[in-house]
Amino acid sequence: MANITNYLKWRGDITFKESSFNEIDNLIFSELAYIEISKKDTEKKITVKNAINKFFKKYDEKQLAKKFSLSKNPVSFLEALANSKRFGNLFITNYINKVSKKEEKQFSAMVIHINFNTIYIAFKGTDETMVGWKEDLNMSFLSEIPSQLEAVNYVNKVVSWNKCHIYLGGHSKGGNLAVYAGVKCKKKIQKRIKFIFNNDGPGFTEDFVMSQSYLNTLPKIKTFLPETSIIGMLLTQKSEYKVIKSDSIGIWQHDALTWQVEGTKFITLKEVDETSNKLRTTVSSWLEKIDKKEREIFINTLYQVLEKSHIETVEELTKLKLRTIPSILKSFTKLEEETRKIVIDTIKELMKEANRNFNRKTILHGIRIMSKKRS
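Notes on the structure follow. (Residues numbered from 1 in each chain as written. Predicted model: local features only at pLDDT ≥ 70, side-chain atom pairs only at ≥ 80, totals over all residues. Heavy atoms only, no water.)

**Quick word on the overall build of the protein chain**
So, point 1. What the protein chain contains, in helices and strands, is 18 helices and 11 strands.
So, point 2. Across the 375 residues of the protein chain, 53% fall into the buried class.
So, point 3. Taking all contacts inside the protein chain whose residues are at least 6 apart in sequence as the whole, residues at least 24 apart take part in 71%.
So, point 4. Working note: accessible area of the protein chain is about 19300 Å², and carbon and sulfur atoms make up 53% of it. (Helix = DSSP H or I, 4+ residues; strand = E, 2+ residues; numbered from the N terminus. Buried < 20%, exposed > 50% of the residue type's maximum accessible area, 1.4 Å probe, protein only. Contact = heavy atoms within 4.5 Å. Areas by Shrake-Rupley, 256 points an atom, 1.4 Å probe, with all protein chains shown as cover.)

**Some words on the side chain of Lys105**
So, point 1. As for its position among the elements, Lys105 is in strand E3 (residues 105-115).
So, point 2. Residue class for Lys105 comes out buried when judged on its relative accessible area of 6%.
So, point 3. A distance of 2.7 Å separates a polar atom in the side chain of Lys105 from a polar atom in the side chain of Glu150. (Polar contact = N/O pair within 3.5 Å; in protein donor to acceptor, adjacent residues only side chain to side chain.)

**Focus on the sheet that holds strand E1 (residues 46-47)**
So, point 1. Here nine strands make up an open sheet; going across it, the order is E1-E2-E3-E4-E5-E6-E7-E8-E11 and the pairing mixed. Since the sheet does not close on itself, it has two edges, and those belong to E1 and strand E11 (268-269), each with one partner.
So, point 2. When E3 meets strand E4 (residues 118-123), the two strands line up antiparallel, connected through six bridges. Paired with Ile112 across the strands is Tyr120, a residue of E4. (Pairing = 2+ DSSP bridges.)

**Comments concerning the packing of aromatic side chains**
So, point 1. As enumerated under the stated definition, the model contains 22 aromatic pairs in all.
So, point 2. On the numbers, 6.3 Å between centres and 10 degrees between planes, the contact of Phe21 with Phe29 is stacked. In terms of burial, Phe21 and Phe29 fall into one category: buried.
So, point 3. Judged by centre distance (5.5 Å) and plane angle (70 degrees), the ring pair of Phe55 and Tyr59 falls under edge-to-face. The same class applies to Phe55 and to Tyr59, which are both buried.
So, point 4. Through a chain of ring-to-ring contacts, the aromatic side chains of Phe16, Phe21, Phe29, Phe87, Tyr120, Tyr167, Phe195, Phe197, Phe224, Trp259 and Phe266 assemble into a single cluster.
So, point 5. The ring of Phe91 has Lys45 sitting right over it, with the charged end atom 4.2 Å from the ring centre.
So, point 6. Taking the ring centre of Phe16 as reference, the NZ or CZ of Arg86 above it sits at 3.9 Å. (Phe/Tyr/Trp six-rings, centres within 6.5 Å; stacked < 30°, edge-to-face > 60°. Lys NZ or Arg CZ within 6 Å of the ring centre and 35° of its normal.)

**A short note on the pairing of strand E7 (residues 221-226)**
So, point 1. Taken across its six residues, E7 has five buried, putting it largely inside the fold.
So, point 2. Pairing of strand E6 (residues 193-199) with E7, which is carried by four bridges, proceeds in the parallel orientation. Each bridged residue has a counterpart across the sheet, and for Asn198 the counterpart in E7 is Thr223.
So, point 3. By the bridge criterion, four bridges tie E7 to strand E8 (residues 241-244) in an arrangement that is parallel. By the bridge assignment for E8, Thr223 is matched with Tyr241.

**Notes on the nonpolar core**
Considering soluble globular proteins, one finds that nonpolar side chains tend to be buried as a cluster.
So, point 1. Among the nonpolar cores identified, the biggest contains 47 residues, and Ile35 and Leu81 are the most heavily contacted of them.
So, point 2. Listed by contribution, the elements that provide at least two residues to this core are helix H1 (4-11), helix H2 (23-32), helix H4 (48-58), helix H6 (74-82), strand E2 (91-100), E3 and E4.
So, point 3. Once residues within four sequence positions are removed from consideration, Leu81 is found in contact with Leu8, Ile28, Leu32, Val48, Ile52, Phe87 and Gly88.
So, point 4. Among the nonpolar cores identified, the runner-up in size contains 31 residues, and Val152, Val183, Ile196 and Val209 belong to it. (Core = buried A, V, L, I, M, F, W, Y, C linked by side-chain atoms within 4.5 Å.)

**Notes on the pairing of E6**
So, point 1. Within E6, five of the seven residues are buried, leaving the element largely enclosed by the surrounding structure.
So, point 2. Inspection of the sheet shows strand E5 (residues 165-171) paired to E6 by six bridges, in the parallel sense. Across the sheet, the residue bridging to Gly169 is Phe197, located in E6.

**Concerning helix H13 (residues 274-289)**
So, point 1. With 16 residues, H13 extends 23 Å between its outermost C-alpha atoms, agreeing within 8% with the 22 Å of an ideal straight helix rising 1.5 Å per residue.
So, point 2. Those residues of H13 that sit buried are Ser276, Thr282, Val283, Ser285, Trp286 and Leu287. (Expected span 1.5 Å × (residues − 1).)

**Here's the deal with the pattern of salt bridges**
So, point 1. Tallied over the full model, the rule gives eight salt bridges.
So, point 2. Between Lys58 and Glu36 there is a salt bridge, and its shortest N-O distance comes to 3.9 Å. Of the two residues, Lys58 sits in helix H4 while Glu36 sits in the loop between H2 and helix H3 (39-42), which places them 22 residues apart along the sequence.
So, point 3. Relative accessible area serves as the criterion here: at 55%, Lys58 is assigned to the exposed category.
So, point 4. Several salt bridges share partner residues, and in doing so they unite Lys98, Glu103, Lys105 and Glu150 into one network. (Salt bridge = Lys/Arg side-chain N within 4 Å of Asp/Glu carboxyl O.)

**What about unusual backbone geometry?**
So, point 1. Positive phi values are uncommon outside glycine, yet Glu104 reaches one of about 55 degrees.
So, point 2. Locating Glu104 in the fold gives a position in the loop between E2 and E3.
So, point 3. Residues other than glycine seldom take positive phi values, yet Ser172 does so here, at roughly 60 degrees.

In structure tokens, the structure reads:
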């Protein structure tokens, strides 16, 4: 099966002048946003090729694997991207990367210049840090998170100097930020936005998707979800979406490097699978029964317990060692009685909804898939 790495090998020698921007290019730019660029290299501009090569020099293969812990074969993808005629010589400007434990914010973005009058603003998805995932979870009880506000300010700032055509996009949380920024940025900028791409990003609060500014922007929003979409089914989505075939299973379909392409189009399916629909029903029912204050207490408490156990990355959480578990349990027992009760009741409610929508065999199968090491 073909993916975006194959696309780069097939069509990487065809420039944007010869073949215009398409939905696959969108996904490639969204994945490019996951690399890191030094401040020194973005004070002016840097080519995609040079940015990737410097990224490779900064980190060895083991470190790169950690940074792309949810992606399969990212090095092959980035190598093909750097060496392609279509993308390698494009310029990147205005790179920014901000991670703040205090603000519970993880934000990164870049501007990719497709030609002299067209840019793609790519927002990075959630990185490997726990603070990044904590910010995602905060969407369940906050009307807006720090990264969303940062995304709006970023768009207003970086496109104020010219009158170019604009694409916004991102993968995972990056897709959510792209939509939020497109809805909330200045009206004179909104008029220049051609499309906003949300590649399996989470949804929004009901108030946001019912706002007039969101409804006005809706025709420009293009949403792509894998068949077993988990992240993209969280919270509320109002835009129509295309379902993309993946060569992976379960939660690993969130990895955009597994999405299947044919020519300049994704290979699509009629609808998301039963697992996605049941998960959406489960989470929606659960959130309806837990008020925003209880959600906040639950999420903040779990994060604090993990923080006290010195777990700072997703990899550390997934590779939890037996000797760490007693300290986690100890932190939990030290919680105030009322807080501990809210956490326990919230978990019970989630399990109750899961049991209602999934049978035991399905749940155990899902756990095995999530814990299985990828080849």
